[in-house]
There are 2 protein chains.
Amino acid sequence: MSVTPASQPRRTYRHGDLREALLDAGIEMAREGGPDAVVLREATRRAGVSPNAAYRHFADREALLHAVSDACLGFAADRIEQSVAEVPEGDPVDTARALLRAVGTGYIAFAREEPGLFRTAFSVPDNLQRAAEPAKAGRNGRTPFQLVGFALDALVDAGVLPRERRENAEFLAWATVHGLGMLVIDGPLRGLDDRMIDYATARLLDMVDRGL
Amino acid sequence: MSVTPASQPRRTYRHGDLREALLDAGIEMAREGGPDAVVLREATRRAGVSPNAAYRHFADREALLHAVSDACLGFAADRIEQSVAEVPEGDPVDTARALLRAVGTGYIAFAREEPGLFRTAFSVPDNLQRAAEPAKAGRNGRTPFQLVGFALDALVDAGVLPRERRENAEFLAWATVHGLGMLVIDGPLRGLDDRMIDYATARLLDMVDRGL
DNA sequence: CCCTGATGTGTACACTGTCCACAACCCTAC
DNA sequence: GTAGGGTTGTGGACAGTGTACACATCAGGG
């Protein structure tokens, strides 16, 4: 997505949108090797620029990584929305249930399809206040955290989830699915075949469904 | 734990137990700064030895990190056993339930008390085959994975958990608690006060209890 | 007692993040 | 239109890292 292709050297002195180019390079490196693989010098190299140029756009490597991490959360949101979009209309109760499941399966799907981005998304310390900031949102402007919230709201509206259990239920749903994602990517559940993971995901979501 | 204190130079040519000293140094660094903080040269420095000496005991930095990670899993097991030990004897059903809860609270407690070690424990790709190997065990010779398994077995024996749901239930229980641990340490739940975390933990364990 | 394999040392290289002084450029105000 | 002036990128340098290679030193068995 860089303005100037890395192949031939830039003619103008100004790059155009170096920040974006560095970010894109960072994302690509994260995709291939996770957070540790996003290295500042390599990003500038890919952007066809000298190492120090990066410091005009990011305070340090940490800042670049943070930006990449936010972008990864956005990709996660996109993947979740994709799963959510596949939920058929129908009985409100069934739909609400299916919605939360879709969020979960989308989350796990993202972890499996893009382990590098998934790991990068959560490699950087974060907190609740920042969980909804726009930089972490996907194309539709919603962050993963917000998507979980919407699914839970739908469950309350459909009368499935008692209202008094709604508060902070994001934590439970998210933690559950997040844990599975981590264990599948590089925890002890690594290397399980796809069928096994699908099965585990389904059972996990059953548990959430029953236990929330 | 090092054989020769780092303060005064070693007199003998041989270190004595350099492998152990490097491992201890690595653990200490992991405790302070997580996986990225365990750096090979610093470990040799703390052991009072030249950088390359490490290569007689570890193939590369990755190997050292792996050993440190295994040790961290052992510490987690210790912390879990501590929580388990506090479960009072009594009605078999209540005891079995409390046992699984204790595993969960111990796990979260470890994450909160030793975030660096916790992150390090899961920083290294792993798989099921290796989940029970002795290097990952605590003082009592049991790994965290095995401890979860025992608690689940107890639930089956007490008639709480239907036998047909026992298989692979480790994944569910573990993923749930692991996810909360991750989110609390450097995910969006970071910075929540202790009461809030206790509350979330309790609700999460309620969910597991109901939904398993 | 010597010699051989194990263990630690020294030197060296490529690579990283980051600091500093400087250069090239675009924009704005006169 | 031209003279600044702030922004953006360059060059050179330094400390710190992982790791390869050749060498030094020792402990213990023949």
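Rules and cut-offs
Within every chain, residues take consecutive numbers counted from 1 along the sequence as written. A letter from A marks each chain and a number from 1 marks each ligand, given out in the order of writing. The predicted origin of the model limits local features to residues at a pLDDT of at least 70 and limits the giving and counting of side-chain atom pairs to 80 or more, whereas totals for whole chains, interfaces and linings rest on all residues. Side-chain numbers here rest on the full set of heavy atoms in the structure, without hydrogens or water. Secondary structure elements follow DSSP: runs of H or I no shorter than four residues count as helices, runs of E no shorter than two count as strands, and numbering proceeds from the N terminus. By this rule the span expected of a helix is its residue count minus one, scaled by 1.5 Å. Using a 1.4 Å probe on the protein chains alone, a residue whose accessible area is under 20% of its type maximum counts as buried, one over 50% counts as exposed, and one in between counts as partly exposed. Working rule for contacts: check all heavy atoms of both residues, and any pair within 4.5 Å makes them a contact. Whenever two N or O atoms come within 3.5 Å, that pair is a polar contact, provided that in protein one can donate a hydrogen and the other can accept it, and provided that, for residues adjacent in sequence, both atoms are side-chain atoms. We call a residue near a given molecule or strand whenever any one of its heavy atoms falls within 4 Å of it. Nonpolar residues are Ala, Val, Leu, Ile, Met, Phe, Trp, Tyr, Cys and Pro. Charged residues are Asp, Glu, Lys and Arg, and all others, Gly as well, are polar. Superposition of the copies was done by least squares, using only C-alpha atoms of residues whose pLDDT is at least 70 in both. Just so you know, the domain bounds were taken from an automatic or database domain assignment. Summed over both partners, the accessible surface that disappears when two parts come together, traced with a 1.4 Å probe, is what is meant by buried area. When a carboxyl oxygen of Asp or Glu is within 4 Å of a side-chain nitrogen of Lys or Arg, the pair counts as a salt bridge.

A. Representation of helix 1 (residues 18-33) of chain B in the model. Residues and elements named next belong to chain B. With 16 residues, helix 1 extends 22 Å from end C-alpha to end C-alpha; this agrees with the ideal 22 Å at 1.5 Å per step. All buried positions along helix 1 are accounted for by Leu-18, Ala-21, Leu-22, Leu-23, Asp-24, Ala-25, Gly-26, Ile-27, Met-29 and Ala-30. Lining the buried residues of helix 1 we find helix 2 (40-47), helix 3 (61-85) and helix 5 (115-121). Remark: Gly-34 follows helix 1 within two positions and exhibits a positive phi of approximately 75 degrees.

B. Representation of the side chain of Asp-70 of chain A within the structure. All names here are of chain A. Relative to the elements of secondary structure, Asp-70 occurs in helix 3 (residues 61-85). In this structure the side chain of Asp-70 is engaged in a polar contact, spanning 3.0 Å, whose partner is the side chain of Lys-136. Ignoring anything within four residues of it in the chain, the contact list for Asp-70 reads Glu-133, Ala-135 and Lys-136.

C. View of the protein's contact with DNA strand C. Close to DNA strand C lie 21 residues; Arg-41 and Asn-52 of chain A together with Ser-50, Asn-52 and Arg-56 of chain B are nearest. Of what DNA strand C places within 4 Å of the protein, 49% of the atoms are sugar or phosphate. One nitrogen or oxygen atom from the main chain of Arg-61 of chain A is found 2.8 Å from a phosphate oxygen belonging to DNA strand C. Top element by residues in the surface near DNA strand C is helix 2 (residues 40-47) of chain A. It accounts for three residues. Its residues placed into classes, the surface near DNA strand C shows eight nonpolar, five polar and eight charged.

D. Local environment of the relation of the copies chain A and chain B. For these two chains of identical sequence, chain A goes onto chain B by a turn of 180 degrees and a shift of 0.0 Å along the axis, with RMSD 0.0 Å. These values place the two chain copies in the arrangement generated by a two-fold rotation axis. Taking C-alpha positions as the reference, the residue of chain A nearest the rotation axis is Gly-179 of chain A, at 1.7 Å. Looking at chain A, 100% of its interface residues are interface residues in chain B too, so the copies touch through the same face.

E. How the structure looks around the domain arrangement of chain A. Residue and element names in this part refer to chain A. Looking at chain A, the domain boundaries give domain 1 (18-61) and domain 2 (71-211). A C-alpha centroid distance of 29 Å is found between domain 1 and domain 2. Taken together, the contact pairs six residues of domain 1 with eight residues of domain 2. When domain 1 packs against domain 2, close to 600 Å² is buried across both sides, 69% of that on carbon and sulfur atoms. Connecting domain 1 to domain 2 are one salt bridge. Summed over the shared surface of domain 1 and domain 2, the result is one residue pair in polar contact (both at pLDDT 80 or more).

F. Inspection of the environment of Ile-27 of chain A at higher detail. Residues and elements named next belong to chain A. When you line up the elements, Ile-27 lands in helix 1 (residues 18-33). Residue Ile-27 is classed as buried on the basis of its relative accessible area, which comes to 8%. In the structure, Ile-27 is positioned 89 residues away from Gly-116 in sequence and 9.2 Å away in space, judged by C-alpha atoms. Ignoring anything within four residues of it in the chain, the contact list for Ile-27 reads Val-68, Ala-71, Phe-75 and Leu-117.

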